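What follows is the residue order along each chain.
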Amino acid sequence: MPSPTHPSIPLYPAPLFDTVARHAAALGVDVHLVGGYVRDALLGRPSLDADLITSGDPEPLGRAIAKALAGHFVVLDPDFGVARVVLADGVVLDLARLQGETIEEDLSRRDLSINAIALPLVRGSEVLVDAPLLDPTGGLADLEARTVRAVSLENLIADPVRLIRVLRFAATLDFAIAFETLEWVETYKRKLLEAAYERTTAELLKILVLPDAYRWIERLFGLGILGVLTPEFTMLRRVPILEGRWLDGLAHALTRTRRLEAIVNALQTRWPAHAQAIREDLEASLGAGSTRGALVKLAALLLDIGRPFTLAYDPDGALTFEGHETEGGARIGTIAERLKLSAKAREFMEKLVRYQTAPLALDAADPVALYRLFRSAGDSSVALLLVAMADRETALGRRDPELEGRLERAFAGYFRADQMLTKPQRLLDGQGLMGALGVKPGKHVGVLLEQVLEAQLRGEIASRDEAIALAQRLHQG
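Residues numbered from 1 in each chain as written. Predicted model: local features only at pLDDT ≥ 70, side-chain atom pairs only at ≥ 80, totals over all residues. Heavy atoms only, no water.

The next point concerns the overall build of the protein. A tally of regular secondary structure across the protein gives 25 helices and 13 strands. Its C-alpha atoms give the protein principal-axis dimensions of roughly 90 × 55 × 40 Å. With 477 residues in all, the protein has 51% of them scored as buried. Relative to all contacts within the protein whose residues are 6 or more apart in sequence, the contacts with residues 24 or more apart total 67%. For the protein, the accessible area works out to roughly 21,500 Å², and carbon and sulfur atoms hold 51% of it. Placing the 55 positive and 64 negative side-chain charges of the protein at their respective mean positions leaves the two points 4 Å apart. (Helix = DSSP H or I, 4+ residues; strand = E, 2+ residues; numbered from the N terminus. Buried < 20%, exposed > 50% of the residue type's maximum accessible area, 1.4 Å probe, protein only. Contact = heavy atoms within 4.5 Å. Areas by Shrake-Rupley, 256 points an atom, 1.4 Å probe, with all protein chains shown as cover. Lys, Arg positive; Asp, Glu negative; His and termini not counted. Charge placed at Lys NZ, Arg CZ, Asp CG, Glu CD.)

Shown next as structure tokens:
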């Protein structure tokens, strides 16, 4: 049996598509390869996901493919005829029943022209070789022009999450957006509120994780999409230019985010000894498709979110924002819940807001000061240091070598091989302390343990006996 091929699209891995074609032909169903796999193949980009459109029920074909390739089969939507095959090497095949009378009609219902190109693989019992691509919406020309264009307004708003997908595809492919499509996005942006937040947030995170996300953040802001998803953000307009700053609240937030991204992209020149460790920390997943590196940019935008709600004037007429970090932490937590971020992601961003000023007054030469900061900030510590650097430099309008040097020592403390400042090995634990002092559990035990540990970190004690002796003196005095 011949293998399906096309001069413009190398079907990889070839045995996979041979198996698809063989079983589809045996079942006598038409099969077309569509969507992202075709688009990415034409762009020379590898893909592990392939979408297949079948003229019949996709379940028999999906089960046959899964059995032949020792994959896992699942029906995703029995009503619309959508199934999935997951293979051991990470390849995912999504099979869907044809929508409409013809493949051209199916393609014309899709979101973007570049996602509406199809390669026929099988017609009835015939495996097609070098079949021409089907392109009813002009996707090939848009790929050539590197342009994201909606197939139609009706298609765009039929599933409102497509409004932000326009920007996500433009960002990830580095394409321009057709003018009419951009107008539609701006005009109908509030329809995003009709989409499930999980889906909208997933698209937003795919933008934020990019190393050049800021220019797309600016577009999200300019189009009003940021204001739709996080209306609290626009309230930063109420924050005037503060002492020590040269931008109002909204401009400061946007500039801080741009500077944060520039700092992250220049880690090798800023803190070369810790650049790789910082990058790995930011790449850590916080669940639901989010990473610290993506969410720190969102937190940088919202760092001052508590200020509009705590703005007041003292008796002398001076502006005050008492408790804005606590207020902001609560509000960014609410935003995270609304965006359907994970509990870990919510906690991560809350800590960035609550402890935002701590690194600015940090004595990085004091191991106890570092320990206290890392204990409070936890897994947010690295991102917190980066945000503080970005905020300080935004206020100054330039680099701050002194703070940069202090953060060098802070990173060195955080990434110590012995983890003494992040997960310290105590000379004395709670059971040992209570046994030595003859006391019962209580808050006082925790206080004593911290005092003993801090003496250990300062190098004032170095053995269990010295720790017990110090605990006894502290308890008695």
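Between its first and last C-alpha atoms helix H18 (residues 324–338) spans 21 Å; for 15 residues at 1.5 Å apiece the expected length is 21 Å, and the two agree. For H18, the set of buried residues is His324, Gly328, Gly329, Ile332, Gly333, Ile335 and Ala336. Projected down its long axis, H18 shows its buried positions confined to an angular sector of 170 degrees, all on one face. Contacts made by the buried residues of H18 are with helix H12 (231–234), helix H16 (292–301), helix H17 (307–310) and helix H19 (343–354). (Expected span 1.5 Å × (residues − 1). Arc of directions from axis to C-beta.)

Applying the stated criterion to the full structure yields six aromatic pairs. Ring geometry for Phe411 against Phe415: centres 6.4 Å apart, planes inclined by 20 degrees, an arrangement best described as stacked. Residue classification places Phe415 among the partly exposed positions, given a relative accessible area of 27%. Feature note: the residues Trp271, Phe374, Phe411, Tyr414 and Phe415 constitute an aromatic cluster, connected by ring pairs. Directly above the ring of Phe321 sits Arg307, whose terminal nitrogen or CZ lies 5.0 Å from the centroid. (Phe/Tyr/Trp six-rings, centres within 6.5 Å; stacked < 30°, edge-to-face > 60°. Lys NZ or Arg CZ within 6 Å of the ring centre and 35° of its normal.)

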